[in-house]
Amino acid sequence: MKKLQIYLDTSVLGGCFEREFAPWSNGLIADFHAGIFVPILSALLEVELHRAPEPVRAVYNELVALAGGVFPVNDEALDLLAAYEAHRVLGPRFRSDML
């Protein structure tokens, strides 16, 4: 049976170190390590994490090995972003969230 794949954004990784969110974020990370779920990581996440504290980047680096790599931002993703922008799904400030 195929394992459920879960896309991660910076809030999940940062949540590992926030008292309010740590139980859920760390629980999900533990599930990835246990092989229950497979993390999906993107090149956009990698770029966003350059500004993150070292402990957050360390969690990300652990997950890269479990994910088998990082998915690039490809033409299909950029086309979807353009459609979201054309329909004003979110404002320009949330461009990276739409991507």
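Residues numbered from 1 in each chain as written. Predicted model: local features only at pLDDT ≥ 70, side-chain atom pairs only at ≥ 80, totals over all residues. Heavy atoms only, no water.

Asks: Just checking my understanding: could you explain the packing of helix H2 (residues 22–33) against helix H4 (residues 54–67) for this structure?
Replies: Packed helix pairs are specified by the crossing angle of their axes together with the interaxial distance, meaning the distance between the axes. As a packed pair, H2 and H4 sit with axes 10 Å apart at the nearest point and diverge in direction by 30°. One way to sum up the angle between H2 and H4 is to call them roughly parallel. Our pair here, H2 against H4, has a crossing hand that is left-handed. Within the contact between the two elements, H2 uses Ile29, Phe32 and His33 and H4 uses Val59, Glu62, Leu63 and Leu66. Along the lines of polarity and charge, the residues of the contact of H2 with H4 split into five nonpolar, one polar and one charged. (Axes fitted to C-alpha atoms, helices over the stretch in contact; angles between N-to-C directions. Helix = DSSP H or I, 4+ residues; strand = E, 2+ residues; numbered from the N terminus. Parallel < 35°, antiparallel > 145°, perpendicular 65-115°, else oblique. Left-handed = near helix turned anticlockwise from the far one by under 90°. Contact = heavy atoms within 4.5 Å. Nonpolar A, V, L, I, M, F, W, Y, C, P; charged D, E, K, R; others polar.)

Asks: What's the story with the nonpolar core in this structure? I'm lost.
Replies: Across soluble globular proteins, nonpolar side chains show a tendency to be buried alongside one another. With 16 residues, the main nonpolar core has Leu8, Leu13, Ile29, Leu41, Leu45, Leu49 and Leu63 as its most contacted residues. Sorting the residues of this core by element identifies helix H1 (10–15), H2 and H4 as the ones contributing at least two each. Top contributing element to this core by residue count: H4, with five residues. Every residue in contact with Leu13, bar those within four places of it in the chain, is listed here: Leu8, Ile29, Leu45, Leu49, Val56, Val59, Tyr60 and Leu63. (Core = buried A, V, L, I, M, F, W, Y, C linked by side-chain atoms within 4.5 Å. Buried < 20%, exposed > 50% of the residue type's maximum accessible area, 1.4 Å probe, protein only.)

Asks: For this particular structure, what's the right way to read helix H5 (residues 75–86)?
Replies: For the α-helix, the turn length of 3.6 residues means that residues three or four positions removed from each other point alike. In this model H5 runs 16 Å from its N-terminal to its C-terminal C-alpha over twelve residues, within 8% of the 16 Å that 1.5 Å per residue would give. Where H5 begins, the side chain of Asn74 points an oxygen toward the backbone nitrogen of Glu76, at a separation of 3.2 Å. Looking one or two places after H5, you find Arg88, whose phi comes out positive at around 50°. (Expected span 1.5 Å × (residues − 1). Polar contact = N/O pair within 3.5 Å; in protein donor to acceptor, adjacent residues only side chain to side chain.)

Asks: So what exactly am I meant to see when it comes to H4 here?
Replies: If you check H4, its first and last C-alpha atoms are 20 Å apart, about what 14 residues at 1.5 Å a residue would give, namely 20 Å. If you check which residues of H4 are buried, you get Val56, Val59, Tyr60, Leu63 and Ala67. Down the axis, H4 shows its buried residues gathered within 100° of arc, on one side only. Each element contacted by the buried residues of H4 is listed here: H1, H2, strand E2 (37–40) and helix H3 (43–48). (Arc of directions from axis to C-beta.)

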